[in-house]
Amino acid sequence: MEILSEWLSAQLEQESAEPVYRQLLHLMQQAILTGRLAPGTKLPSSRSLAGDLHVARNTVLHVYDQLSAEGYVLSTTGSGTYVADTRPDSAAVSLPPLDGADPAAETTAAASPRGDMSSRGQRLIDQAGVSAKQWGAFMPGVPDVAEFPARTWSRLQSRLWRSASHGLLTYAPGGGYRPLRRALSDYLRVARSVRCTPDQIIITTGIHQSIDLTVRLLADVGERAWVEEPCYWGARSVLQSSGLKLTPIPIDDEGLNPSEADLRDPPRIALVTPSHQYPLGMVMSLARRRTLLEYARQHKVWIIEDDYDSEFRYGSRPLASLQGLDDANQVIYVGSLGKLLFPGLRIGYMVVPERLAPIFRTGVAELYREGQLMQQAVLAEFIMDGYLTSHVRRMRTLYGERRQLLIDAVTRHFGDALPVMGEEAGLHFVLGLPEHADDRAVTAAALDAGVIVRPLTGYYNGEQKRQGLLTGYACVPHEEIEPAFATLARVIEEQVFARAPHAKRRAA
Ligand SMILES: Cc1ncc(COP(=O)(O)O)c(C=O)c1O
C-alpha cells in the first residue's frame, strides 16, 4: 500500500487550480482503469492514506464514497474497501459481430476515421467547404461584426432579462417567437416584396437548417434537386447529406438556364439564389423567373429561394423576391440575419406557403427542439425599434465604399487583366483568373501570406469550371484593403503570371 500512496503523492500537484479532492479522485480512477490497482486489491484505510498524503481524512473519505458510488470500489462495513472488477465482460466481448465482419479488420478500420463513416458522411467530409479561419482580409461572405451596435443589443437584452417570463426560457414550439415573426413579416413585405403573414414565418437557426427542414418534409431520399452551377457549398452539403441526388444546372447572365434534357426530367427541389447568384453574382431575369415558376407549378417542383444577402445592392435598389411573384405556392423562401447582423447569431427564417405552415411548425419542433426565445425577443425589439433598418443602411454605405476601394486596388495592380464579376452587390466579388491558373494553389499560397480567399472551382459540381477567387471586402477596414490586396497581388503574380510568361501580365 505504501506504493499506492507514494505514486499518489508523486502525482498530486500542490499548486494546481484543481482541488485535491478532484485530483485524487481522477488519479484513483485512472489507476483502477489502467490496472495499476488490480481488481480485488484492498485500499488503505482512509486514515492511513490521508496521513501519507498529508490531506484531510474527510477528503479521502469523500473520494472513497465517490469511487464506491461510481462502481470503482466495493466497500464492506468492517472489512474495508476493495477495487471492483471493472474489466469488460469477456463473454460479451468475444461474441461475433452482428454483421459477421472480421473483428481484426474492424480494428484496422477503426484506426482511420474513414472506416467509421457512412458513405454520405465520407462525401460530406471529402467535399467540406468550411474553413477554420472566418475573419480577416478577404474572407468572403462575412459582414463587419465590429460595426454591430453591441451596446444597443446589450441594453435591449438586459431589459428583457430583467423582466423575463418563464415562457421565454423554455422550449419554443410553434415556429418561433410570435412578435419576431410579426416584425419579420412586416420587414420582408417592405424590403423584399415577400407576400406573407406572420403565420407563414418559421424561425430557424439559419439557412442551412431551413434547407434541411424543407428537404426532410418535402422530399424523399433518392429524389433529385437542381442546384445552380456553381453553387454555395453549404447548400450542396445539406442537400446531399439528406439523401438527395444533385443535378448541377448551368447559369448564364440571366441566371438558371436548364437544358432541354434537364427540363424533361423535373426534380423534386430546385435551389436558387435569384436576387444575387452565389457565388458569381448575376440576377435572375424576370423572364427566367416566370419560366421557372411556371415549370415548378406544372411539375410540382419545390423552389427554395435562398435570399442570403439581397439587402446589399450598391448600384440600384434591392430587387424583389421570386416568392413575391409566386401564385402557385411553390416557393419556400429562406433568409438569415447572419449577413445583416452577425453570423454567430444563428437566427434565420423561412416563409412557407400558408397550407404548409402547420407541418413546418411541427417539423421544426420535432426535429430540432427549438429554443433561444430570449435571443429572438431581443431581435424582435431590435427590428421593431428600427435598428435593423438603420444598421443595414449604414452597412450598405460602408460596404459600398470598401467594394470600391478593392476594385480600385485590382485595377491599380492588374488593369483589366483580371475581370471582376458580380461586383454590384453582396459582401464579395469574384476575381476571375486566366484559364491556365490553379485557383486552389493561389488560395493556399495566399493563406500562407496571411490573406484569405476562396477558389471558385470549389463551388462547381461538374467538370467544367472557371478559375477565380471569391474575394470578400465587407469585413476589411478601409485602410487594410490596399496593403492586403498588395499581398494578394504578389501571390497572383507569382502563382499565375510568373509561371506562364506568355500570359497577360500586370498592367503598366
Ligand atoms: C448563398 C448562401 N446561402 C446561405 C448561407 C449561410 O446561411 P446561414 O449562415 O444562415 O446558415 C451562406 C453563407 O455564406 C451563403 O453564402
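Conventions adopted
Residues numbered from 1 in each chain as written. Predicted model: local features only at pLDDT ≥ 70, side-chain atom pairs only at ≥ 80, totals over all residues. Heavy atoms only, no water. Helix = DSSP H or I, 4+ residues; strand = E, 2+ residues; numbered from the N terminus. Contact = heavy atoms within 4.5 Å. Pairing = 2+ DSSP bridges. Core = buried A, V, L, I, M, F, W, Y, C linked by side-chain atoms within 4.5 Å. Buried < 20%, exposed > 50% of the residue type's maximum accessible area, 1.4 Å probe, protein only. Domains from an automatic or database assignment. Near = heavy atom within 4 Å. Polar contact = N/O pair within 3.5 Å; in protein donor to acceptor, adjacent residues only side chain to side chain. Nonpolar A, V, L, I, M, F, W, Y, C, P; charged D, E, K, R; others polar. Expected span 1.5 Å × (residues − 1). Axes fitted to C-alpha atoms, helices over the stretch in contact; angles between N-to-C directions. Left-handed = near helix turned anticlockwise from the far one by under 90°. Phe/Tyr/Trp six-rings, centres within 6.5 Å; stacked < 30°, edge-to-face > 60°. Lys NZ or Arg CZ within 6 Å of the ring centre and 35° of its normal. Salt bridge = Lys/Arg side-chain N within 4 Å of Asp/Glu carboxyl O.

### Thoughts on the side chain of S242
Thought 1: Inspection of the secondary structure assignment puts S242 in the loop between helix 11 (233–241) and strand 5 (245–252).
Thought 2: Apart from residues lying up to four places away in sequence, S242 is in contact with R120, D212, V215, R216 and V221.

### Overview of the sheet that holds strand 7 (residues 269–272)
Thought 1: One open sheet holds the 8 strands; their spatial order is 3-10-9-8-7-4-5-6, and the pairing between them is mixed. The two strands at the open ends of the sheet, each matched to only one other strand, are strand 3 (201–204) and strand 6 (255–256).

### Comments concerning the nonpolar core
Thought 1: In this structure, F138, F485 and I492 are the most contacted members of the largest nonpolar core, which totals 70 residues.
Thought 2: A domain-level breakdown of this core finds at least three residues from each of domain 2 (164–385) and domain 3 (390–497).
Thought 3: Those residues in contact with F138 that lie beyond four places of it in its chain are L406, V451, I452, V453, L470, T471, G472, V476, I481, A484, F485 and L488.
Thought 4: With 53 residues, the next largest nonpolar core counts I202, L213, L246 and Y460 among its residues.

### Quick word on the site of the ligand
Thought 1: Taken together, the neighbourhood of the ligand is formed by G206, I207, H208, Y232, Y278, D306, Y308, S336, K339 and R346.
Thought 2: Measuring from an oxygen atom of the ligand, one finds a backbone N or O atom of H208 at 3.2 Å.
Thought 3: Side-chain polar atom of R346 to an oxygen atom of the ligand: 2.7 Å apart, as the coordinates give it.
Thought 4: Looking at the shell around the ligand residue by residue, the class counts come to 4 nonpolar, 3 polar and 3 charged.

### Considering helix 10 (residues 207–218)
Thought 1: Look at helix 10: 16 Å from first C-alpha to last across 12 residues, which is about the 16 Å you get at 1.5 Å a residue.
Thought 2: Most of helix 10 sits out of view: 9 of its 12 residues are buried.
Thought 3: Within the sequence span of helix 10, burial applies to I207, Q209, S210, I211, D212, L213, T214, V215 and L218.

### Digging into the packing of helix 16 (residues 387–414) against helix 18 (residues 478–497)
Thought 1: Here helix 16 crosses helix 18 at 35°, and the two axes come no closer than 10 Å. At the point where helix 16 passes helix 18, the crossing takes the right-handed sense. Taken together, the residues of helix 18 that come into contact with helix 16 (itself represented by L398, E401, R402, L405, L406, A409, V410, R412, H413 and F414) are H478, I481, E482, F485, A486, A489, I492, E493 and F497.

### Comments concerning the environment of L218
Thought 1: Here L218 is to be found in helix 10.
Thought 2: For L218, a relative accessible area of 13% gives the class buried.
Thought 3: Placed 66 residues apart in sequence, L218 and T152 show a C-alpha to C-alpha distance of 39 Å.
Thought 4: What L218 contacts, discounting residues up to four positions off in sequence, is R268, W302, I332, L356 and F360.

### Brief notes about the packing of aromatic side chains
Thought 1: In total, this model carries 16 aromatic pairs according to the counting rule given.
Thought 2: Relative to F485, the ring of F138 has its centre 6.3 Å away and its plane inclined at 65°; by these criteria the two rings are edge-to-face. Here F138 is found in the loop between helix 7 (119–126) and helix 8 (150–162), whereas its partner F485 is found in helix 18, with 347 residues between them in sequence. This pair shows no difference in class: F138 is buried, exactly as F485 is.
Thought 3: Ring centres of F429 and Y473 lie 5.8 Å apart, and the angle between their planes is 40°; this geometry places the pair in the tilted category. Pair noted here: F429 is in strand 12 (residues 428–432) and Y473 is in the loop between strand 14 (468–472) and helix 18, with a separation of 44 residues, a long-range link. The same class applies to F429 as to Y473, namely buried.
Thought 4: Grouping aromatic residues by their ring pairs yields a cluster made of F148, W153, F342, F382 and Y387.
Thought 5: The side chain of R369 reaches across the aromatic face of Y171, ending 3.6 Å from its centre.

### What to know about the domain arrangement of the protein chain
Many structure descriptions define interface size as the accessible area lost when the parts assemble.
Thought 1: The domains assigned to the protein chain are domain 1 (2–83), domain 2 (164–385) and domain 3 (390–497).
Thought 2: Here domain 1 and domain 2 have C-alpha centroids that lie 57 Å from each other.

### Some thoughts on the pattern of salt bridges
Thought 1: Summed over all chains, the structure comprises 15 salt bridges.
Thought 2: Across the salt bridge formed by R402 and D144, the nearest N and O atoms sit 2.9 Å from each other. Of this pair, R402 sits in helix 16 while D144 is found in the loop between helix 7 and helix 8, placing the two residues 258 residues apart along the sequence. The two residues R402 and D144 agree in class, both being buried.
Thought 3: Of the charged contacts, one joins E223 and R268 as a salt bridge, the two residues approaching to 3.3 Å between their closest N and O atoms. Of this pair, E223 sits in the loop between helix 10 and strand 4 (224–229) while R268 sits in the loop between helix 12 (260–264) and strand 7, and the two are 45 residues apart along the sequence.
Thought 4: The class of E223 is partly exposed, set by a relative accessible area of 24%.
Thought 5: R268 gets classed as partly exposed once you look at its relative accessible area, which sits at 25%.

### Some points on unusual backbone geometry
Thought 1: P230 follows E229 through a cis peptide bond whose omega is 5°.
Thought 2: For P230, the location among the structural elements is in the loop between strand 4 and helix 11.
Thought 3: In the segment running from Y278 into P279, the intervening peptide bond is cis, with an omega of 10°.
Thought 4: Here P279 lies in the loop between strand 7 and helix 13 (286–299).
Thought 5: Its identity as a non-glycine residue notwithstanding, H54 has a phi of 55°, on the positive side.
Thought 6: Inspection of the secondary structure puts H54 in the loop between helix 3 (46–53) and helix 4 (57–69).
Thought 7: The residue S193 is not glycine, and still its phi comes out positive at about 50°.
Thought 8: Tracing the backbone shows S193 in the loop between helix 9 (178–192) and strand 3.

### Overview of the sheet that holds strand 14
Thought 1: In spatial order, the strands read 11-12-14-13; together these 4 strands make up an open sheet with antiparallel pairing. On the outer flanks of this sheet lie strand 11 (420–421) and strand 13 (454–455), each paired with one strand and no other.
Thought 2: As paired strands, strand 12 and strand 14 are joined by 5 bridges and run antiparallel to one another. Paired with L431 across the two strands is L469, which belongs to strand 14.

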